[in-house]
Each structure stands twice: as C-alpha cells, then as structure tokens.
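Structural features, examined
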Amino acid sequence: MESAALLLGSFVIFLILNVPIGIAIGLAVWFFLILNPEVTTLRYLAQCMFSSVDSFPLMAVPFFILAGSLMEGGGLSQRLIRLAMSIVGSTRGGLATVTILACAFFGAISGSSPATVAAIGSIMIPAMVKHGYDLKFSTALAACAGGLGVIIPPSIPMVVYGVATGASIGKLFMGGFGPGLLTAGALIAVALYYSTKRGYKGAKEKFSVKKTLSALNDAKWALFVPIIILGGIYGGVFTPTEAAAIAVIYGLLVGLFVYKELKWHDIPKHLSESALMTGTVLIIVGTATTLGRIMTIEQIPNLITQWLINISQNRFVILLIINMFLLFVGMVMETLAAILILGPLLLKVVVPLGVDPVHFGLIMVLNLAIGFVTPPVGVNLFVACGLTKVDFLDLSKSAIPFVIAMIVALVLVTFLPSITLWLPQLLGV
C-alpha cells in the first residue's frame, strides 16, 4: 500500500508542477523504480515503453492523425459545413445546429476532438458572430460540439481503449454511433433553446432542394470517408489499422486531385505536425502502459475492486461511482493517459457485474470527451480560446449548459446499454 501511495503521490505532484503528462508518468515510474529496486529493475521502464508501442492496432493512431490533418487542409471540412448549412442553416438557431452537425460529420473523418474544434470552429464561429450570435456562446458551442470528434467513429481514444483492454475496435466504432448521435441531439436541444430565447436567427438564404443537392454532390467525397473506413472494417476487407492507412491515401488524393485545395508544398507541414502529435501520443502510451503494469504488480486493481465491492455490489451504483470518478479524472488528466491507466483497471471491476467491455468503453470515451471541455485541462476550451481570444474563465462559464447536456447523454448511455450495443448486435459484429 505504501508503494502504491508513493507511485500515485509522486505522479500527482508532477502534475501539480505542470509537468507534461507523458513525462510526469515516466518520472513517477522512474522515481518508484529507484526507491523499490526489489520490485523490478530500472531497465523495466525502457522495456515496457518499447513493447507497449510495438503494436499493430496502435499503428492506426498516427495514420488517423495524419488523415485528419490532410483532410482538414484538403477542403473537406468546408464542404461538410456547406452541406449542413444548406439543410438547416436557414432555420432559427440554424447556424448553431450547423456547427454541431458539421462537428459530427468531421468527427467521422478526423477521430480527434481538438482537430474538430479547430477545423469547424475557425469557420463557424465568425459566421455565427456575423449573424448576431454572442461570441462566448458561439465559442463555447464549438468547443463542446468538438467533443463529438472522439465519440463518433472512427475515434483515436477508441483505438487506444481497444489496444489497452483487448476489446474489439470494430465493435467500439460501431457502438459509438448511438452515444454520438444522442450527444449531438442533446447539444442541438440546448443550442435551439438558447437561440430561441435570445432571438438568434439562421442564415438569410432560404432552404432550397436544388442547393442542398448541389452541396451534397460537392461533399460526396468527404461523406465517402466514414463509409469506406467503416464499411471496409465491417465487411472484412481490412483491419482498423489498414483502414487508417487507406484514409491517409484517400485524403491525400481527394485533397490534391479532386478538391485541389491541398498543395504539394503543404504536405511537409502536415507530416511534421502529425509526427509531433504522434510522438506525444506514443510517449504517453509507453509511460502509461508501464505505470499500469506496475500498478498490477502492486495489486492496485485488486484493492480498487475490493473497495468498490465493499461499497455496493449493485452494477448501477458502481457505474455511477465510476462515472463521477471519470468526470473528475477528465478534468485533470489527458484523455489517452486516463484510458491507458484506468481502462484495464476499471474493466476488471465492471465485467464481473455483467457490463459489456464495448459498452464500458463508450462510457469511458464519453466521460473523457466531457473532460475536453472542463477545466483545468479542457483542451477544447484552450483551442477555442486560441481561435477567438475569449477569456478562458468566461468561456468555461458559457460552456456549462452544453456540459450539462453531455452529462445527461452520459447518464442515458450508462444506464441504457442498448444505446451503445444495438447496432453491433444488429449487424452481428
């Protein structure tokens, strides 16, 4: 127990000192190994970090990161926005609805929450402000809707959860549609309520079937992305990792030769940005996996399981406690690190209670998607602040109604497993 306190205590101290999450985990493990040479050797850290990233499914992560970057630069996000605008843009609060729908569409391409905020927010926030929407409201909406980027498949956190726990990545992708659409609906309901209350109008152009069909035709290459990725996976044509590689090739070809908005001289920039993000992710994967293995050696999962069972053996009570815990974790810890460390631990608690690993994976992803818009970490909030220069505290306050809507969706997903599992069960995947 003392060793566990030392390990977790040092990790918390490094976080308080604002050490980057991947480095903080590595330093905590290094500190633990130095003081406990009888447990294992310091060489164990290097060995674990190497073996944890030596994973074929994990290769999907850098490919999805690069694919999202290429597609953002290739003009796919603008066409998705134009399509959503042609459908609902003219209604009251239509621009707010367009922002949410565009984030959902782009989430099905990028798999990244901050990338979704940057791609959609940079276009839609100025458009909403131009039509009379409050700047803080518009920025908060884009930040929260960006969370759909990790809920609607393909999703980088789902890939990482699948790698960490052994759950089927294909089933996780398919299971994400229900929670993703539910969350999008909850955000739209809040956006429409405030739009009606404050008199936010839609775009001046009226709905036109002709314009909608034109926008649909223009966006068809963007809409094919999730169809190709998910259809190929569930059709048994390729694995999620191979699907991610195909997404890169598809995004490159469409951006260069179809939409022609991606230029050859832009490619090195996209490669370098993706490489930097991939390096950050892999450091987190390596150190977090090592931390998880040491926690297993120290019997921490058994202690957590016993503690929760002593509180209650009711599945719903345990899930409620875990949700509250994960909401807190999402406020202070980076998403991928939280999944890698806590996913295997908590799964051992809930599986004996009859919780499906895919269902629990979506509970984790949805919890940590909320963490993207809750301080102090709140990555989406920082991205949105960078777009509009809104004060971080003011933005956090404006995001509260949307965060509440996401929590309501989380509660429904937690206690109604069919929201997640109906599609995988229907298709027999």
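Above: the structure in question.
Description of the structure in this document. Keep in mind that this is a model prediction, so the values were computed, not measured.

Next up on the list: the overall build of the chain. Helices and strands together make up the secondary structure of the chain, namely 24 helices and zero strands. In terms of overall dimensions, the chain is globule-like: its C-alpha atoms have a radius of gyration of 21 Å, near the 22 Å expected for 429 residues. The C-alpha extent of the chain, read off along each of the three principal axes, is 70 × 45 × 45 Å. For the chain, with 429 residues in total, the buried portion stands at 55%. Looking at the chain alone, contacts between residues at least 24 apart form 77% of all its contacts between residues at least 6 apart. On the chain, roughly 17,900 Å² of surface is accessible, and the fraction owed to carbon and sulfur atoms is 70%.

In this section: helix H18 (residues 315-332). Residues spaced three or four apart along an α-helix face the same direction, because each turn holds 3.6 residues. Given a rise of 1.5 Å per residue, 18 residues ought to cover 26 Å, and the 26 Å separating the end C-alpha atoms of H18 matches this to within 8%. Backbone nitrogen of Phe-316 and a side-chain oxygen of the N-cap are separated by 2.8 Å at the start of H18; the cap is Asn-314.

Along the chain, Thr-420 falls in helix H24 (residues 418-427). On the basis of relative accessibility, which here comes to 1%, the residue Thr-420 falls in the buried class. Residues in contact with Thr-420, not counting those within four places in the same chain, are Gly-175, Pro-179, Val-358, His-359, Leu-362 and Val-413.

Let us look at the packing of helix H6 (residues 94-110) against helix H7 (residues 113-130). For the pair H6 and H7, interaxial distance at closest approach is 9 Å and the crossing angle is 160°. With respect to H7, the element H6 is oriented roughly antiparallel. Here the hand of the crossing between H6 and H7 comes out right-handed. Contacts between H6 and H7 involve Leu-95, Ala-96, Val-98, Thr-99, Ala-102, Cys-103, Phe-106, Gly-107 and Ser-110 from the first element and Ala-115, Thr-116, Ala-119, Ile-120, Met-124, Ala-127 and Met-128 from the second. In terms of residue class, the contact of H6 with H7 is built from 12 nonpolar, four polar and no charged.

Right, let's talk about the nonpolar core for a bit. Counting 141 residues, the largest nonpolar core has Ile-25, Ile-100, Phe-360 and Phe-402 as its most contacted members. Residues in contact with Phe-360, not counting those within four places in the same chain, are Tyr-161, Leu-319, Ile-322, Gly-343, Leu-346, Leu-347, Val-350 and Val-355.

The subject of this paragraph is a nonpolar patch on the surface. A cluster of nonpolar residues, Trp-221, Phe-224, Ile-227, Ile-228, Ile-249, Leu-253, Phe-257, Val-258 and Trp-264, forms a patch on the protein surface that exposes about 880 Å² of accessible area. Residue assignment for the nonpolar patch shows that the elements contributing at least two residues are helix H14 (220-234) and helix H15 (240-258). By the secondary structure assignment, Val-258 is in helix H15.

Time to look at helix H10 (residues 156-165). Taking burial as the measure, the 10 residues of H10 include seven buried ones, the bulk of the element. Among all positions in H10, only Ile-156, Pro-157, Met-158, Val-159, Val-160, Tyr-161 and Gly-162 are buried. Of the surrounding elements, those touching the buried residues of H10 are helix H4 (60-73), helix H9 (148-151), helix H11 (169-175), helix H19 (335-350) and helix H20 (357-371). Backbone geometry just after H10 places Gly-166 at a positive phi near 85°.

Definitions and limits used
- Residues numbered from 1 in each chain as written.
- Predicted model: local features only at pLDDT ≥ 70, side-chain atom pairs only at ≥ 80, totals over all residues.
- Heavy atoms only, no water.
- Helix = DSSP H or I, 4+ residues; strand = E, 2+ residues; numbered from the N terminus.
- Rg over C-alpha atoms; globule rule 2.2 N^0.38 Å.
- Buried < 20%, exposed > 50% of the residue type's maximum accessible area, 1.4 Å probe, protein only.
- Contact = heavy atoms within 4.5 Å.
- Areas by Shrake-Rupley, 256 points an atom, 1.4 Å probe, with all protein chains shown as cover.
- Expected span 1.5 Å × (residues − 1).
- Polar contact = N/O pair within 3.5 Å; in protein donor to acceptor, adjacent residues only side chain to side chain.
- Axes fitted to C-alpha atoms, helices over the stretch in contact; angles between N-to-C directions.
- Parallel < 35°, antiparallel > 145°, perpendicular 65-115°, else oblique.
- Left-handed = near helix turned anticlockwise from the far one by under 90°.
- Nonpolar A, V, L, I, M, F, W, Y, C, P; charged D, E, K, R; others polar.
- Core = buried A, V, L, I, M, F, W, Y, C linked by side-chain atoms within 4.5 Å.
- Patch = residues over 30% accessible without salt bridge, like charges linked within 9 Å, V, L, I, M, F, W, Y side chains within 5 Å.
- Salt bridge = Lys/Arg side-chain N within 4 Å of Asp/Glu carboxyl O.

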